[in-house]
Structures are given as C-alpha cells and as structure tokens.
Amino acid sequence: MSEGVSVVLPCLNEVDSVASVVREAKRAMDEAGVAGEVIVVDNGSTDGSAEAAIAAGARVINERRRGYGSAYMRGFAEAEGEVIVMADADGSYDFSALPGFLDRIRDGDDLVMGSRFKGRIEPGAMPWTHRHIGSPILSGLLNLLYRTGIEDAHCGMRAFRRDVLPELRLRMPGMEFASEMVVNAARARLRIGEVPVNYRMRGGKSKLRTVPDGWRHLRFLMLYSPTHLFLVPGLALLLIGLVLLVALLPGPVIVLGRLFDIHVMVLGALLTLIGFQVLAIGLYAKTLAVTLRLQPMDRTLRALRAVFSLERGLAAGALLFVLGFIVDFWIATEWAASGFGPLNAVRPALFALVAMLLGLQTMFSSLFLFAIELQVREPA
Ligand SMILES: Nc1nc2c(ncn2[C@@H]2O[C@H](COP(=O)(O)OP(=O)(O)OP(=O)(O)O)[C@@H](O)[C@H]2O)c(=O)[nH]1
Ligand SMILES: [Mg+2]
C-alpha cells in the first residue's frame with residue numbers, strides 16, 4: 001500500500017502498556033511494508049503515559065475534552081494517513097491482525113471491524129458479565145435496531161479510510177462513540193468488513209465502568225432511533241386504545257365470560273391519547289432528524305409524505321374535532337329534550353372527548369411538523 005497509515009490510540013493512564021503498544025504498532029506497520037505514524041491522544045494522564053509514549057516514538061496529542069470518543073475525534077482530525085487504524089493503548093489488541101485490516105481496505109471496504117469472537121480471547125481478558133450479558137444485549141439491540149450485521153460491535157480495533165470520516169458523522173464524547181461509529185457507517189451504507197483479532201489481558205486498570213458506560217451505549221441506541229423509541233410503541237398503544245374505545249362505545253362486551261364495561265373504555269381512552277402523543281413526538285423527532293440531514297429519509301416517512309400534507313392534516317384534525325363536537329351537541333340536545341333530567345351518556349361523552357382532543361392534536365401536530373420543515377430547512 002503506497003498510502004500511509006495512522007494508528008490512533010486513546011490513552012488515559014496506561015503507563016504500564018502504552019509504550020509497548022506504540023512499538024508493537026510501529027513494528028506491525030514495518031512488517032506490513034506500510035509507512036505511517038502512531039498518534040496517542042492523551043486526556044491529561046497523571047502517570048507519565050504521555051512521556052512514555054513520546055519515548056516510544058509516538059506523536060502525543062493532549063485533548064482537553066475528556067472521554068474515549070473525544071480523544072478519537074481529536075486523533076482523527078490530526079491523522080495524516082489515508083487509512084486510520086484504531087486500538088486501545090492497554091495492550092489488549094494484537095497488532096498481528098494489522099495486515100488483515102489493510103487487506104480488506106485494499107479490497108474496497110470503507111470500515112473494517114475487528115472481531116474478537118472470530119479471533120482468540122485470552123482467558124480473563126473479557127469479564128464474564130461483559131462477554132455473556134453486556135455485549136450480547138448491546139450488540140443484539142444494535143443489530144435489531146440498525147441491522148448492521150456486525151458480530152463484535154464493541155471491538156476497539158478497527159480501520160477505515162480517512163475519506164469516509166465526514167460520512168461517519170461522529171459526535172459522541174464517551175464510550176458510546178464505539179456504537180455511534182458502527183450505526184452511522186451502516187446508515188451511510190458504507191461497506192463494512194470484519195476480520196478476526198486476538199484479545200489479550202490488558203495491563204493497568206480498566207477505564208470501562210460497566211453500568212454507566214453500558215447505559216451510555218443503551219441510551220444512545222434508543223435515542224438515535226425515533227422509529228423504535230416512539231413510533232412503534234406509540235402506534236401499538238394507539239391501536240389497542242382505539243379497539244377498546246370503539247368496541248365499548250355501543251355498550252358492555254362479554255369476552256370469555258368476563259364483562260368489560262366503562263372502566264375498560266376509560267383505559268382505552270387513556271391508551272389512545274398516550275399512543276397518539278408518543279407517535280406525534282416520534283414524528284417530530286424523525287422529521288427534525290431528516291430535515292437536518294442527520295438521518296436519511298426512510299420508508300416510513302416517505303410513505304407518510306405521499307399521503308400527508310399540511311392541508312390534509314388540518315382537514316382531518318378539524319373533521320375529528322367536529323365529530324366529537326357533534327356527539328357532545330347531540331348529548332346536550334337529548335338532555336334538554338328530557339327537561340334536564342338524569343343523564344347517562346358517559347360512553348358517547350368519553351368518545352367525543354377523545355375525538356376532540358385527537359382532532360386538536362392532529363391539527364397542531366400538522367402545523368408543528370410543517371413549521372419544523374419550513375424553519376429548519378437549509379436554504380438551497
Ligand atoms: N484519552 C482518553 N482515553 C481513554 C479514555 N477512556 C478510556 N480511554 C482509553 O481508551 C481505551 C479503551 O479503554 P479501556 O479501559 O481499555 O476500555 P475497554 O477496552 O472497553 O475495557 P477493558 O476490556 O477493560 O480494557 C484505552 O486505551 C483507554 O486508555 C478517556 O477518557 N480519554
Ligand atoms: Mg481495553
């Protein structure tokens with residue numbers, strides 16, 4: 001490969017291992033016959049890591065903003081190689097895998113992920129809870145929501161072509177950066193490869209805090225997909241609510257020998273309203289993300305746009321509101337006709353309340369959706 005390689009190593013208090021990792025990376029590049037540099041991005045280590053890395057021949061950069069992601073973003077900005085290789089400074093990744101990464105890049109992959117599960121995991125290198133609980137749950141969720149098909153989504157050894165960096169849209173400062181990179185690569189439809197990498201016992205102390213960092217990953221995965229966080233649950237609640245509401249409007253229903261009456265209808269009204277709210281918030285989030293070009297236009301939104309316009313939204317909302325109003329008006333008329341005697345019209349009244357609320361929500365949501373588009377859209 002004629003182009004250079006930049007190995008970027010984030011480092012926070014890794015004095016036991018950083019120098020040997022720098023030397024191992026340099027040796028691996030020499031053996032692979034590629035020119036390159038090793039960049040260590042330090043976050044104010046207090047154990048002499050920076051000095052040790054310099055002595056071993058690395059270019060050391062000090063980044064003020066703390067965090068694994070912040071360190072990498074700075075390192076990538078400083079890197080000069082055409083190919084960027086990522087690894088920990090703790091000695092856990094075996095650089096004999098380097099030629100495999102470079103081969104895949106030469107073959108046309110944009111991003112190459114290491115897979116520790118395809119390689120060898122030294123006993124004790126990965127805590128049992130990470131291997132069998134944390135990693136499968138987070139990788140499973142990541143692949144379920146974003147369909148990347150990557151086996152070891154949290155592997156810290158990776159390589160990518162520097163020119164795909166803008167498409168990766170990296171922003172997350174902490175450990176969730178590892179998930180962000182994979183998700184964005186998949187969203188940008190980059191070609192992603194996987195190569196085996198051996199995982200060894202790290203030297204020094206782990207910087208990974210299982211629960212807070214696990215939660216940062218989980219939070220990121222949820223927040224980054226309005227479809228799964230809002231649209232799917234919102235739609236489910238809305239449908240269940242509507243079924244209960246409409247089925248119980250004429251009167252009580254007996255199912256499997258049990259009587260379902262007004263209280264279940266109240267529950268139906270509640271679910272309908274909550275479902276609609278959650279669904280609307282999801283549409284706002286999605287519209288905002290697409291309008292800001294943070295997310296590509298997807299099938300759901302495209303289908304919706306095909307049938308939906310501001311005028312149709314307003315008309316549908318007004319229709320629902322008027323429907324509810326007519327029902328209430330009819331109840332009032334009947335009441336007056338009975339000389340304001342005892343009134344028992346809770347079912348239609350509940351139905352009318354939900355219809356009027358949904359109608360207003362639909363109208364204001366339509367206005368809001370189109371206001372987002374109008375105000376946020378970049379000038380051509
Ligand atoms: N600059 C910088 N580096 C960090 C920070 N947090 C972690 N690192 C480095 O990022 C790499 C990954 O962190 P690790 O503690 O090894 O996390 P891990 O590999 O998931 O966990 P282990 O399996 O225990 O090693 C190591 O080289 C750390 O020194 C940080 O806030 N700033
Ligand atoms: Mg590590």
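Residues numbered from 1 in each chain as written. Chains lettered and ligands numbered in written order. Predicted model: local features only at pLDDT ≥ 70, side-chain atom pairs only at ≥ 80, totals over all residues. Heavy atoms only, no water.

Novice: Summarise the domain arrangement of the chain; cite the residues concerned and give the values.
Specialist: Reports of interface size often rely on the accessible area that becomes lost once the parts have come together. The assigned domain composition of the chain is domain 1 (5–223) and domain 2 (226–376). The C-alpha-based centres of domain 1 and domain 2 are spaced at 46 Å. Of the residues lining the interface, six residues belong to domain 1; the matching set on domain 2 comes to seven residues. Buried surface at the junction of domain 1 and domain 2, both sides included, amounts to about 620 Å², of which 55% is carbon and sulfur. Of all residues in domain 1, Leu 145, Arg 169 and Arg 187 bury the most surface against domain 2, accounting for 62% of the area lost on that side. Summed over the shared surface of domain 1 and domain 2, the result is zero salt bridges. One can count one residue pair in polar contact (both at pLDDT 80 or more) joining domain 1 with domain 2. (Domains from an automatic or database assignment. Contact = heavy atoms within 4.5 Å. Buried area = accessible area lost by both parts, 1.4 Å probe. Salt bridge = Lys/Arg side-chain N within 4 Å of Asp/Glu carboxyl O. Polar contact = N/O pair within 3.5 Å; in protein donor to acceptor, adjacent residues only side chain to side chain.)

Novice: An account of the pairing of strand E1 (residues 5–11) is needed here, citing residue identities and associated values.
Specialist: For a regular strand, side-chain orientation follows a simple rule: the groups alternate between the two sheet faces. Along E1, seven of the seven residues are buried, which leaves the element largely enclosed by surrounding structure. Burial of the side chains of E1 extends over both faces: Val 5, Val 7, Leu 9 and Cys 11 are buried on one face and Ser 6, Val 8 and Pro 10 on the other. Both E1 and strand E2 (residues 36–42) contribute to a ladder of seven bridges, which runs parallel. Bridge pairing links Leu 9 to Val 40 in E2. Tracing the backbone out of E1, into helix H1 (residues 18–32) and back to the parallel element E2 gives a crossover that is right-handed. Strand direction decides the pairing type here: E1 and strand E4 (residues 83–86), joined by four bridges, are parallel. Pairing of Val 7 across the sheet is with Val 85, part of E4. (Buried < 20%, exposed > 50% of the residue type's maximum accessible area, 1.4 Å probe, protein only. Helix = DSSP H or I, 4+ residues; strand = E, 2+ residues; numbered from the N terminus. Pairing = 2+ DSSP bridges. Right-handed = clockwise from strand over helix to strand, strands pointing away.)

Novice: Give a detailed account of the packing of helix H12 (residues 310–337) against helix H13 (residues 346–376), specifying residues and quantitative values.
Specialist: Look at H12 against H13: their axes get within 7 Å of each other, and the N-to-C directions meet at 160°. Taken together, H12 and H13 sit at an angle that is classed as roughly antiparallel. Crossing of H12 over H13 shows left-handed handedness. (Axes fitted to C-alpha atoms, helices over the stretch in contact; angles between N-to-C directions. Parallel < 35°, antiparallel > 145°, perpendicular 65-115°, else oblique. Left-handed = near helix turned anticlockwise from the far one by under 90°.)

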